[in-house]
Amino acid sequence: LSGSMMSLYSDAGDFGNLTVQGGVQFALIFNAKKNELVIYIEQCQELAIGNVKKQRTDPYVKTYLYPDRSRLSKRKTSVKKNTVNPIYRESLTYIMSKTELQTRTLNLSVWHNDSLGRNAFLGEVQIDLQTWDWSHDTLTWYSLLPKNADVSEASNRGHLVVALKYVPPGSIGPTRPATGELHVWLKEARKLQSLKPSGVDSFVKCYILPDTTKKSRQKTRVIKKNLSPVYNHTMVYDGFKHEEIREASCELTIWDHETFSNQFLGGVRLSLGTGRSYGRSVDWMDSADEEVELWKAMISKPNEWVEAVLPLRSSMTKKT
């Protein structure tokens, strides 16, 4: 074996015996002037026990920039002794241009260090740097996943249960309502992805596009420490003229409430999904499948509630 392959497999560890649990908190910071990627590792929480016989965990964090799995690509933190809640506050640095980074995948894994045996795998996070939002440089919690976790499992963000009702102008009485009304009933979310071991404190934010002003934004209250929160919150938007509902899109996003920076958990966009609004191309008219079906059902059944259980998107960028 070459030196690089030996480096890879020498700490390949035990992938099968431990149940992966817990999370890791880190930030990605790119310095364009230095062509430098800094991975700032803050801490881990509620890791699995690495040595069951001794009932202890001596964890460290390791990174690679795939597809390079050689020793040159590897970075490691120090080992923290006998703790499942290690605090590192360490930086792992790569000198590389952003163009090159966008061809890589960050593999960040956590291991139990066993000086007399094989290191034990405690979980990993993988981030595709091609689609990474480089403006996001704040500390973020990520759930640790098993090795070779099912991609669909890793990307599953849960579901949102929502009901819609469209009240056309003049449909209740000659002057009621004066303009069309969109009623959005946010019932609950199911099986949200936990970004940190303590769970999530979630709320839903709503915009009616193309209006992105504060006037358009409405929010639910925060439901604390619950991966299947019940919101039971209704929002009402008026001002729709005849047929304008076909040109609009309802964007619903779920966030984990943090003191300094809320973290995105998933979202949906509800519209006809035509890619166009008022005669011009727009990237937010990208609804598909169940999202489009719910919007169509709402338009076809005025003054009636229509409901759907919608899978949450992992990103609100335009669907391809």
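Rules behind the numbers
- Residues numbered from 1 in each chain as written.
- Predicted model: local features only at pLDDT ≥ 70, side-chain atom pairs only at ≥ 80, totals over all residues.
- Heavy atoms only, no water.
- Core = buried A, V, L, I, M, F, W, Y, C linked by side-chain atoms within 4.5 Å.
- Buried < 20%, exposed > 50% of the residue type's maximum accessible area, 1.4 Å probe, protein only.
- Helix = DSSP H or I, 4+ residues; strand = E, 2+ residues; numbered from the N terminus.
- Contact = heavy atoms within 4.5 Å.
- Arc of directions from axis to C-beta.
- Polar contact = N/O pair within 3.5 Å; in protein donor to acceptor, adjacent residues only side chain to side chain.

For the protein, the name recorded in an unreviewed UniProt entry is Synaptotagmin-like protein 1, with Polypterus senegalus as its organism.

(A) Spotlight on the nonpolar core. Ranked by internal contacts, the top residues of the largest apolar core, which has 35 residues, are Leu252 and Trp295. Among the elements of the structure, β9 (159-167), β10 (180-190), β11 (202-209), β13 (230-240), β14 (249-256), β15 (263-270), α4 (290-300) and β18 (306-311) are those that each provide at least two residues to this core. Excluding its chain neighbours within four sequence positions, the residues that come into contact with Trp295 are Leu164, Leu182, Ile245, Ala248, Cys250, Leu270, Ser271 and Leu272. By size, the runner-up hydrophobic cluster in this structure holds 34 residues, among which are Phe30, Leu37, Ile39 and Ala48.

(B) Here's a closer look at unusual backbone geometry. In this structure, Pro177 follows Arg176 across a cis peptide bond, with omega equal to -15 degrees. For Pro177, the position within the fold is in the loop between β9 and β10. Pro210 follows Leu209 through a cis peptide bond whose omega is 20 degrees. Relative to the assigned elements, Pro210 resides in the loop between β11 and β12 (218-219). Residue Arg89 is not a glycine yet carries a positive backbone phi of 50 degrees.

(C) Just α4, in detail. All of the buried residues in α4 are Glu291, Val292, Leu294, Trp295, Met298 and Ile299. Here the buried residues of α4 occupy an arc of 165 degrees about the axis, which is enough to place them on one side. In this fold, the buried residues of α4 make contact with β9, β10, β14, β15 and β18.

(D) Quick peek at the environment of Gln126. Relative to the assigned elements, Gln126 resides in strand β7 (residues 120-128). Along the sequence, Gln126 and Asn107 sit 19 residues apart, while their C-alpha atoms lie 4.7 Å from each other. Leaving out residues up to four positions away in the same chain, Gln126 has contacts with Tyr66, Thr105, Leu106 and Asn107. At a separation of 2.8 Å, a polar atom in the side chain of Gln126 contacts the side chain of Asn107.

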